[in-house]
Structures are given as C-alpha cells and as structure tokens.
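Coordinates in review
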Amino acid sequence: MMPGVHWSMTREKHEALVAPHIHPNLLEPSIIAYLVRTFLSGGRRLNYDGSAYTNPGINTEDGPDEPWFYAQAALNASDSNPDKQSDAAPSFDEATAVGARSDARRDD
C-alpha cells in the first residue's frame, strides 16, 4: 500500500486507511485463540459474518470454462515444432551423423 512509510508509522496508517474497511468479526486479538477456536474446538464452520458456511462444491462457477492456453509460443528454431511428433525413430546412421556433425564443430 505505502511501501515507503517508516515502520513506526504503520499502525497509524493502518488505523486511517485499512481499519475502517474491515468487518468487526475479522478483528482477532490473538491468532492462537482463533486457531484453537476454528480448528480444535469442534464447533461448526462459519463465514466471517457469522452465518453458517455452505460448501459450494467443485466447479460451481457460472458459465463455461475459458480456454487457458491460447497459442503456441514462438520458438527460436524456424523448423521446430514440439507438438509435431515423428512416427519413426531416426536410424542409427542418422543419429550418428548428427553426433559426428556436432563433433566436427567442436574441433573448429
């Protein structure tokens, strides 16, 4: 929010900028008491406003899923396509020719 504020001013800034917008039920004086009450007391699960929590389940958003993958990224190699698979493995001669070419380049 205000990364340049000196640490000694953070409480004052919090009280002025953040505290007016926080729901009163979210003001917890002790994190330990909250954890015990929430996870170890065995009480029912509640929302922040005190209403009963209802599990929405999986995939309850309205509407269809949006695509998360839009296009193939451009590659540096002009003939390279990672999605295109060769049906036949390279022959031994082809595989060793590639190795021989790379060995010749190292000698230069």
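Residues numbered from 1 in each chain as written. Predicted model: local features only at pLDDT ≥ 70, side-chain atom pairs only at ≥ 80, totals over all residues. Heavy atoms only, no water.

With that settled, the discussion passes to the overall build of the protein. Looking only at helices and strands, the protein has three helices and zero strands in total. Ordered by position from the N terminus, the helices and strands of the protein form the series α-α-α. Per-residue burial over the protein gives 0% buried out of 108 residues. Only carbon and sulfur atoms are counted for the fraction: they give 56% of the accessible area of the protein, which is about 10,600 Å². (Helix = DSSP H or I, 4+ residues; strand = E, 2+ residues; numbered from the N terminus. Buried < 20%, exposed > 50% of the residue type's maximum accessible area, 1.4 Å probe, protein only. Areas by Shrake-Rupley, 256 points an atom, 1.4 Å probe, with all protein chains shown as cover.)

The final tally for this structure, using the stated rule, is two salt bridges. The shortest N-O distance in the salt bridge between R11 and E15 comes to 3.8 Å. Residue R11 and its partner E15 are located together in helix α1 (residues 10-17), separated by four residues, close to a single helical turn. You can call R11 exposed: its relative accessible area is 62%. With relative accessibility at 45%, the residue E15 sits in the partly exposed group. Note that E28 and R37 form a salt bridge whose closest N and O atoms lie 2.6 Å from each other. Its relative accessible area of 35% is what places E28 among the partly exposed residues. (Salt bridge = Lys/Arg side-chain N within 4 Å of Asp/Glu carboxyl O.)

Here we come to a nonpolar patch on the surface. Together, I31, I32, Y34, L35, V36, F39 and L40 make up a nonpolar patch on the protein surface, roughly 730 Å² of accessible area in all. Within the secondary structure, I32 sits in helix α2 (residues 31-40). (Patch = residues over 30% accessible without salt bridge, like charges linked within 9 Å, V, L, I, M, F, W, Y side chains within 5 Å.)

Here the focus is the packing of aromatic side chains. The final tally for this structure, using the stated rule, is zero aromatic pairs. Positioned above the aromatic ring of Y53, the side-chain terminus of R45 is 4.0 Å from the ring centre. (Phe/Tyr/Trp six-rings, centres within 6.5 Å; stacked < 30°, edge-to-face > 60°. Lys NZ or Arg CZ within 6 Å of the ring centre and 35° of its normal.)

Another point: the environment of Y48. Turning to its location among the elements, Y48 is positioned in the loop between α2 and α3 (92-107). Measuring from C-alpha to C-alpha, the distance between Y48 and H23 comes to 8.0 Å, with 25 residues separating the pair along the chain. With residues near it in sequence (within four places) discarded, Y48 still touches H23, N25 and L26. (Contact = heavy atoms within 4.5 Å.)

Moving on, we get to the confidence of the model for the protein. Here the protein averages 76 in pLDDT, while 60% of its residues score no lower than 70. Ranking the elements of the protein by mean pLDDT puts α3 last, at 59, and α1 first, at 91. (pLDDT = per-residue confidence, 0-100.)

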